[in-house]
Amino acid sequence: MAVTIKSAREIELMREAGKILALTHEELGKALKPGMSTWDVDHLGEKIIRGYGCIPSFKNYNGYPASICVSVNDEVVHGIPSKKRILKEGDIVSLDAGVIYKGYHSDAARTHAVGRVSDEAQQLMDVTKQCFFEGIRFARAGNHLNDVSKAIQAYAEKFGYGVVRDLVGHGIGTHLHEAPEVPNFGQKRKGILLKPGMTLAVEPMINAGTYEVVWMDDDWTVVTADGSLSAHYENTILITEGEPEILSMC
Ligand code: MF3
Ligand code: CO
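These figures come from a predicted structure and were not determined experimentally.

> Residues and numbers for the coordination of the cobalt ion (ligand 2), please.
The protein atoms that coordinate the cobalt ion (ligand 2) are D107 (OD), H170 (NE2), E203 (OE) and E234 (OE), at distances spanning 2.1 to 2.2 Å. Positions of the donor residues of the cobalt ion (ligand 2) along the chain correspond to the pattern D-x62-H-x32-E-x30-E. Placement of the pair is D107 in strand 5 (residues 104-113) and E234 in the loop between strand 13 (230-232) and strand 14 (235-238), with a sequence separation of 127 residues.

The structure is reproduced here in C-alpha cells:
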C-alpha cells in the first residue's frame, strides 16, 4: 500500500483523535497505583476513551481482547490485561492505546513508574522517551525515513540498550497500521522521502538488555528474551516542512 498524504480536513480529525488520546494517557497515568490490576487499568482506559465519544481501536483488533495494552517490567508490548496481574511498587508499566475519532486513528504509548522505581528503571524510561524526541528531530519533509530510525538507534545504544527489531512503528490514518513501516533501527535503504501531510506512529521499544524478544503462549505478550526490563514510548506525528507536529501530546 502506498503512503498516504492527509488533506487539511483529515489532519484536523487526526489532531482531535490525538488530543483525546493524549488526555486519556494523562488521566490513566495519574490513576496508576500499586494494588491495581492490569484489568482495572484497561477498564478505566476504555471508559475514558468511550467517554470522549471515541472507539478504542485495539479492542478486537486481530482478536486482541482489550482496549489498552498493559505491559509490565520485562513485557515489551501487547500485554493482555488480567485481574490476576496486580501492579506493585517498583514496577514499570507500558500503556499503549489507540482511539478512533470520526474514522481517524491516533496511537500512543507511555511507560510509567508504579510508586518508586530503581534508578536503572527510571533511566530506561527516560532514555526511551528521549529516543522518540531524538528520532523526530529528523522527521521532516526532505529527509528520509531511515534518518529517523538511525537517530533512535544511536541514542539508545549510547546507553548500552537493545533496540527491539521484531516490532516497528507505522503509518496511521483511516487505519491503525498503514504504510510505511517505521523501524527504530537503521536500515541499509534510506527509506521513503518524507512529505508534508504524512502521519506516522513513531514508537521506540527499548530493552535494558539485548534486543531479542520472544512471544508468550498467549500469542500476544512480547517479552525480552533475557528477562531485562523494557520500555515503550509512542506518539502519532504529522510531517510538515519544519518541525513535526506531535498530534498525541498535550
Ligand atoms: N500500538 C500497537 C502497535 O502499533 C497496536 C497494538 S494492536 C493490539 O503495534 F491489538 F495489540 F492492540
Ligand atoms: Co503503534
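> Quick one: what's the story with the nonpolar core, residue by residue and with numbers?
Ranked by size, the top nonpolar core spans 34 residues in total, and within it L32, V41, I68, L87, V93 and L95 carry the most contacts. Mapped onto this core, the elements with two or more residues apiece are helix 1 (8-31), helix 2 (38-51), strand 2 (68-72), strand 4 (92-101) and strand 5. By residue number, the principal contributor to this core is helix 1, which donates seven residues. Sequence-distant contacts of L87, defined by excluding residues within four places in its chain, comprise L32, K33, P34, G35, M36, T38, V41, V72, V93 and V114.

> Please give an account of the sheet that holds strand 11 (residues 213-215) that cites residues and values.
Here we have three strands laid out as an open sheet, ordered 3-12-11, and antiparallel in their pairing. Only two strands of the sheet have a single partner each, and these edge strands are strand 3 (75-77) and strand 11. On average, each strand axis in the sheet is inclined to that of its neighbour by 40°, with strand direction left out of account.

> For the sheet that holds strand 7 (residues 169-171), give the residues involved together with the corresponding values.
Reading across from one edge, 8-7-9-14-15 is the order of the five strands in this open sheet, with antiparallel pairing throughout. In this open sheet, the two strands that pair with only one neighbour each are strand 8 (178-182) and strand 15 (245-246). Where strand 7 and strand 8 come together, three bridges link them in antiparallel fashion. In the sheet register, G171 faces strand 8, and the bridge partner there is E178.

> Could you give me a rundown of the environment of M198, with the residues and numbers involved?
Mapped onto the fold, M198 is located in the loop between strand 8 and strand 9 (199-202). In the structure, M198 is positioned 42 residues away from T240 in sequence and 8.0 Å away in space, judged by C-alpha atoms. The contact partners of M198, leaving out residues within four places of it in the chain, are V3, T4, I5, I192, L193, I237, L238 and I239.

> Give a detailed account of the packing of helix 1 against helix 2, specifying residues and quantitative values.
Contact pair helix 1 / helix 2: the axes reach a minimum separation of 10 Å and the direction vectors enclose 150°. Taken together, the axis directions place helix 1 and helix 2 in an arrangement best described as roughly antiparallel. Between helix 1 and helix 2 lies a crossing of right-handed hand. For the pair helix 1 and helix 2, contact is made by T24, E27, L28 and A31 and by V41, L44, G45, I48 and I49, respectively. Of the residues in the contact of helix 1 with helix 2, the class split is six nonpolar, two polar and one charged.

> Go over the site of ligand 1, please, and point to the residues and values.
Lining the immediate environment of ligand 1, one finds F58, Y61, Y64, C69, H78, D96, D107, H170, H177, E203, W220 and E234. Measuring from a nitrogen atom of ligand 1, one finds a side-chain N or O atom of D107 at 3.1 Å. H177 places a polar side-chain atom, nitrogen or oxygen, 3.0 Å from an oxygen atom of ligand 1. For ligand 1, whose accessible area on its own is 330 Å², the fraction buried by protein is 94%. The class makeup of the residues in the shell around ligand 1 is five nonpolar, three polar and four charged.

> Describe unusual backbone geometry, naming the residues involved and giving the relevant values.
Of note, the bond from A179 into P180 is cis; its omega dihedral lies within 30 degrees of zero at 0°. Checked against the element boundaries, P180 lands in strand 8. Of note in the backbone geometry, N60 takes a positive phi value of approximately 70° without being a glycine. Within the secondary structure, N60 is located in the loop between strand 1 (55-56) and strand 2.

How each quantity is defined
- Residues numbered from 1 in each chain as written.
- Chains lettered and ligands numbered in written order.
- Predicted model: local features only at pLDDT ≥ 70, side-chain atom pairs only at ≥ 80, totals over all residues.
- Heavy atoms only, no water.
- Donors = N, O, S within 2.8 Å, 3.2 Å for Na, K, Ca; no water.
- Helix = DSSP H or I, 4+ residues; strand = E, 2+ residues; numbered from the N terminus.
- Core = buried A, V, L, I, M, F, W, Y, C linked by side-chain atoms within 4.5 Å.
- Buried < 20%, exposed > 50% of the residue type's maximum accessible area, 1.4 Å probe, protein only.
- Contact = heavy atoms within 4.5 Å.
- Pairing = 2+ DSSP bridges.
- Axes fitted to C-alpha atoms, helices over the stretch in contact; angles between N-to-C directions.
- Parallel < 35°, antiparallel > 145°, perpendicular 65-115°, else oblique.
- Left-handed = near helix turned anticlockwise from the far one by under 90°.
- Nonpolar A, V, L, I, M, F, W, Y, C, P; charged D, E, K, R; others polar.
- Near = heavy atom within 4 Å.
- Polar contact = N/O pair within 3.5 Å; in protein donor to acceptor, adjacent residues only side chain to side chain.
- Areas by Shrake-Rupley, 256 points an atom, 1.4 Å probe, with all protein chains shown as cover.

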